[in-house]
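Fold and geometry: a report
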Amino acid sequence: MGHWFSRNVVEPGKLPMLLALTSFVLTFLVTRTVTRLIRAGKGPFRNVSSGGVHIHHVVPGVVLTVIGGFGAVGSSRHGVGAALFAVVFGIGVGLVLDEFALILHLDDVYWSEDGRKSVEVVVLTTALVGLTLSGFSPLGVNDMTAEERQDRVTFILTLVLNFLLILVTLVKGKFRMAVFGAFVPFVAIVGAVRLARPGSWWSKHFYRRRHRARARSRLRTYRHDRRWTKVRRRLQDLIGGFQERVPGRGSTPPS
């Protein structure tokens with residue numbers, strides 16, 4: 001196990017990314033646990049305020065992200081410095097993305113319906129970094145052999161084809177598929193071939209006179225959302241604690 005870890009993680013310079021991902025996930029989980037305890041009025045934790053101003057944890061998160069980011073840029077992929085700055089960066093990003101919805105809406109929506117966006121972004125970021133760490137490269141270039149890499153025509157065509165598939169998936173209103181398609185090309189193919197979501201650019205421009213396609217798109221989207229929205233919301237509730245009831249509704253929601 002030690003030899004495998006050294007050969008596949010340490011030697012290629014992936015250790016800082018692994019440390020950043022680990023500290024990012026742990027920070028998010030610890031932060032959610034603390035905020036849920038504050039919200040429930042349990043434990044020794046309390047909101048941090050200064051001069052009557054509530055200090056959101058996105059503030060120290062930004063500071064740590066800046067320190068870790070610049071430190072990582074200034075260091076190599078090997079050594080103690082790189083590992084240390086990677087951990088600092090991961091902690092900062094965990095604090096920032098836990099309040100992504102607050103930054104997006106410029107409002108304290110931490111426990112509201114809009115606050116679920118923070119959990120979605122954290123899960124998506126974890127999955128993408130995990131794929132990158134596992135060896136996937138954007139646009140499927142990693143699937144090419146050494147001989148194919150030398151063939152510039154094949155290389156360029158592969159890039160262009162995968163880019164077009166991702167672009168079509170995006171304009172069809174399937175953002176998650178497009179993002180994952182940059183790492184797993186077959187996902188982009190599925191998103192590009194299937195019907196567009198209602199309200200997307202593709203639907204407005206290509207389904208305007210195709211009433212049957214528009215109706216099928218709405219029906220398929222309804223069935224898809226009915227099947228997967230509940231699953232996604234349960235996962236968000238489990239991770240983020242949105243389903244929990246708060247004693248004494250008059251208190252300010254912690255974040």
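The present account deals with the structure reproduced in this document.

Running from N to C, helix 2 (residues 15–40) and helix 6 (residues 116–134) point in directions that differ by 160°, and their axes come no closer than 10 Å. Accordingly, the angle class assigned to the pair helix 2 and helix 6 is roughly antiparallel. Every pair of crossing elements has a handedness; the one defined by helix 2 and helix 6 is left-handed. Each of Met17, Leu18, Leu21, Phe24, Val25, Phe28 and Arg32 in helix 2 lies in contact with helix 6, whose residues at this interface are Ser118, Val119, Val122, Thr125, Thr126, Val129, Gly130, Thr132 and Leu133.

Turning our eyes to something else, we now look at the nonpolar core. Membership of the largest hydrophobic core is limited to twelve residues, which are Leu21, Phe24, Phe28, Val93, Leu97, Tyr110, Trp111, Val119, Val121, Val122, Leu133 and Phe242. At four residues, helix 6 tops the list of elements feeding residues into this core. Ignoring any residue separated from it by four or fewer positions in sequence, one finds Phe24 in contact with Gly90, Val93, Gly94, Leu97, Val122, Thr125 and Thr126. Leu124, Leu128, Ala182 and Phe183 belong to the second-largest nonpolar core, a separate cluster that totals eleven residues.

Closest axis-to-axis distance for the helix 3 (residues 58–74)/helix 4 (residues 80–97) pair is 7 Å, and the angle between their directions is 150°. Comparing the axis directions of helix 3 and helix 4 gives the class roughly antiparallel. Helix 3 and helix 4 meet at a crossing whose hand is left-handed. Taking contact as the criterion, the partners of Val58, Pro60, Gly61, Val62, Leu64, Thr65, Ile67, Gly68, Gly69, Gly71 and Ala72 in helix 3 are, on helix 4, Phe85, Val88, Phe89, Ile91, Gly92, Val93, Leu95 and Val96. Each residue belonging to the contact of helix 3 with helix 4 can be placed in one class, and the counts come to 13 nonpolar, six polar and no charged.

Inspection of every chain in the model, using the stated rule, returns four salt bridges. Here Asp98 ties to Arg32 by a salt bridge, and the two come within 2.7 Å at their closest N and O atoms. Of this pair, Asp98 sits in the loop between helix 4 and helix 5 (100–105) while Arg32 sits in helix 2, placing them 66 residues apart in sequence. Each member of the pair, Asp98 as well as Arg32, carries the same accessibility label: buried. For Glu113, the salt bridge goes to Arg116, with nearest N and O atoms at 3.4 Å.

Time to look at the packing of aromatic side chains. In the structure shown here, the tally under the stated rule is three aromatic pairs. Centroid distance Trp201 to Phe206: 5.9 Å. Interplanar angle 65°. Geometry classified as edge-to-face. Chaining the aromatic ring pairs together yields one cluster made of Trp201, Trp202 and Phe206. Here the guanidinium or amino end of Arg39 rests over the ring plane of Trp111, the centre of that ring lying 4.3 Å away.

A positive phi angle, near 50°, is found at Leu106, a position not held by glycine. In this fold, Leu106 is placed in the loop between helix 5 and helix 6.

The next thing to look at is the side chain of Thr31. Position of Thr31 relative to the elements: it lies in helix 2. Of the residues examined, Thr31 reaches a relative accessible area of 10% and is grouped as buried. Filtering out sequence-adjacent residues up to four positions away, Thr31 remains in contact with His57, Leu95 and Asp98.

Conventions used here
- Residues numbered from 1 in each chain as written.
- Predicted model: local features only at pLDDT ≥ 70, side-chain atom pairs only at ≥ 80, totals over all residues.
- Heavy atoms only, no water.
- Axes fitted to C-alpha atoms, helices over the stretch in contact; angles between N-to-C directions.
- Helix = DSSP H or I, 4+ residues; strand = E, 2+ residues; numbered from the N terminus.
- Parallel < 35°, antiparallel > 145°, perpendicular 65-115°, else oblique.
- Left-handed = near helix turned anticlockwise from the far one by under 90°.
- Contact = heavy atoms within 4.5 Å.
- Core = buried A, V, L, I, M, F, W, Y, C linked by side-chain atoms within 4.5 Å.
- Buried < 20%, exposed > 50% of the residue type's maximum accessible area, 1.4 Å probe, protein only.
- Nonpolar A, V, L, I, M, F, W, Y, C, P; charged D, E, K, R; others polar.
- Salt bridge = Lys/Arg side-chain N within 4 Å of Asp/Glu carboxyl O.
- Phe/Tyr/Trp six-rings, centres within 6.5 Å; stacked < 30°, edge-to-face > 60°.
- Lys NZ or Arg CZ within 6 Å of the ring centre and 35° of its normal.

The values reported here are purely geometric and, on their own, carry no functional implication.
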